[in-house]
Amino acid sequence: MMKLAALVCVFVGELLAIGAELMAARKVADGATWWQAFTVCAVPMLAGSLLLLAGYVMGYVAFRNIWLILVISVCSIVIVEPLLIRLWFQELPTQGAWIGMALGVLGLVVAVVW
């Protein structure tokens, strides 16, 4: 049960943290001041950070391997961030960004499988 709780905490924590970062950028792009973007996004960032902290602690206790928690965290980022960018910015990556993401995912797979 603790393993599942750790996975959920890390995934949701990454979702909230990345969401707060991108929301702040979107607000500034839409004309908000730095302070307005910061104050609105501080709460979800704080919640995400606390969930990440809990996920890492529970994950280490449950798995006894910090590398597994790192892989869960990075996989969450690889899944969540492109989806949120597409949703909020309606942008697609350039050719170089596609290649960089593909190589990053390939490196992640190699690290997990090898």
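Refer to the structure printed above.
All values reported here derive from a predicted model rather than from experimental measurement.

Caption draft 1: How the structure looks around the overall build of the protein chain. The helix and strand tally for the protein chain stands at four helices and zero strands. Moving toward the C terminus, one meets the helices and strands of the protein chain in the order α-α-α-α. With the principal axes as the frame, the protein chain shows a C-alpha extent of 45 × 35 × 15 Å. Counting over 114 residues, the protein chain shows a buried share of 24%. Relative to all contacts within the protein chain whose residues are 6 or more apart in sequence, the contacts with residues 24 or more apart total 74%. Accessible area of the protein chain: about 7500 Å², with a carbon and sulfur share of 77%.

Caption draft 2: Just the state of the cysteines, in detail. One pass over the structure, following the stated rule, counts zero disulfides. No disulfide involves Cys-9; its nearest neighbouring cysteine sulfur is the one of Cys-75, lying 17 Å away. Taking the relative accessible area as the measure of exposure, Cys-9 reaches 13% and is therefore buried.

Caption draft 3: View of the pattern of salt bridges. Using the criterion set out here, one finds one salt bridge in the structure. One salt bridge in this structure joins Asp-30 and Arg-26, with 2.9 Å as the shortest N-O distance.

Caption draft 4: Structural view of the packing of helix H1 (residues 2–29) against helix H3 (residues 66–89). With their axes 9 Å apart at the nearest point, H1 and H3 run at an angle of 35 degrees to one another. For the pair H1 and H3, the sense of crossing is right-handed. Contacts between H1 and H3 involve Leu-7, Val-10, Phe-11, Glu-14, Leu-15, Ile-18, Gly-19, Leu-22, Met-23, Ala-25 and Arg-26 from the former and Ile-69, Ile-72, Ser-73, Ser-76, Ile-77, Val-80, Glu-81, Leu-84, Ile-85, Trp-88 and Phe-89 from the latter. Among the residues forming the contact of H1 with H3, the class breakdown is 16 nonpolar, three polar and three charged.

Caption draft 5: Seen up close, a nonpolar patch on the surface. The grouping of Met-1, Leu-4, Leu-7, Val-8, Phe-11, Val-12, Ile-79 and Leu-83 at the surface amounts to a nonpolar patch, some 770 Å² of accessible area in total. Contributions of two or more residues to the nonpolar patch are made by H1 and H3. Sorting elements by how many residues they give to the nonpolar patch places H1 first, with five residues.

Caption draft 6: Spatial organisation of the packing of H1 against helix H2 (residues 34–63). Where H1 contacts H2, the two axes come as close as 7 Å, and the packing angle between them is 160 degrees. Of the possible angle classes, the one that applies to H1 and H2 is roughly antiparallel. H1 and H2 meet at a crossing whose hand is left-handed. Each residue belonging to the contact of H1 with H2 can be placed in one class, and the counts come to 26 nonpolar, four polar and four charged.

Caption draft 7: The arrangement of the packing of aromatic side chains in detail. Scanning all chains against the criterion turns up three aromatic pairs. Between Trp-34 and Phe-38, the aromatic rings sit 5.1 Å apart at their centres with planes inclined by 10 degrees, giving stacked as the arrangement. Of the two residues, Trp-34 and Phe-38 are both situated in helix H2; the distance of four residues between them amounts to about one turn of the helix. The class of Phe-38 is partly exposed, set by a relative accessible area of 40%. Each member of the aromatic cluster is reached from another via a ring pair, and the members are Trp-34, Trp-35 and Phe-38.

Reading the values: rules and limits
- Residues numbered from 1 in each chain as written.
- Predicted model: local features only at pLDDT ≥ 70, side-chain atom pairs only at ≥ 80, totals over all residues.
- Heavy atoms only, no water.
- Helix = DSSP H or I, 4+ residues; strand = E, 2+ residues; numbered from the N terminus.
- Buried < 20%, exposed > 50% of the residue type's maximum accessible area, 1.4 Å probe, protein only.
- Contact = heavy atoms within 4.5 Å.
- Areas by Shrake-Rupley, 256 points an atom, 1.4 Å probe, with all protein chains shown as cover.
- Disulfide = S-S within 2.5 Å.
- Salt bridge = Lys/Arg side-chain N within 4 Å of Asp/Glu carboxyl O.
- Axes fitted to C-alpha atoms, helices over the stretch in contact; angles between N-to-C directions.
- Left-handed = near helix turned anticlockwise from the far one by under 90°.
- Nonpolar A, V, L, I, M, F, W, Y, C, P; charged D, E, K, R; others polar.
- Patch = residues over 30% accessible without salt bridge, like charges linked within 9 Å, V, L, I, M, F, W, Y side chains within 5 Å.
- Parallel < 35°, antiparallel > 145°, perpendicular 65-115°, else oblique.
- Phe/Tyr/Trp six-rings, centres within 6.5 Å; stacked < 30°, edge-to-face > 60°.

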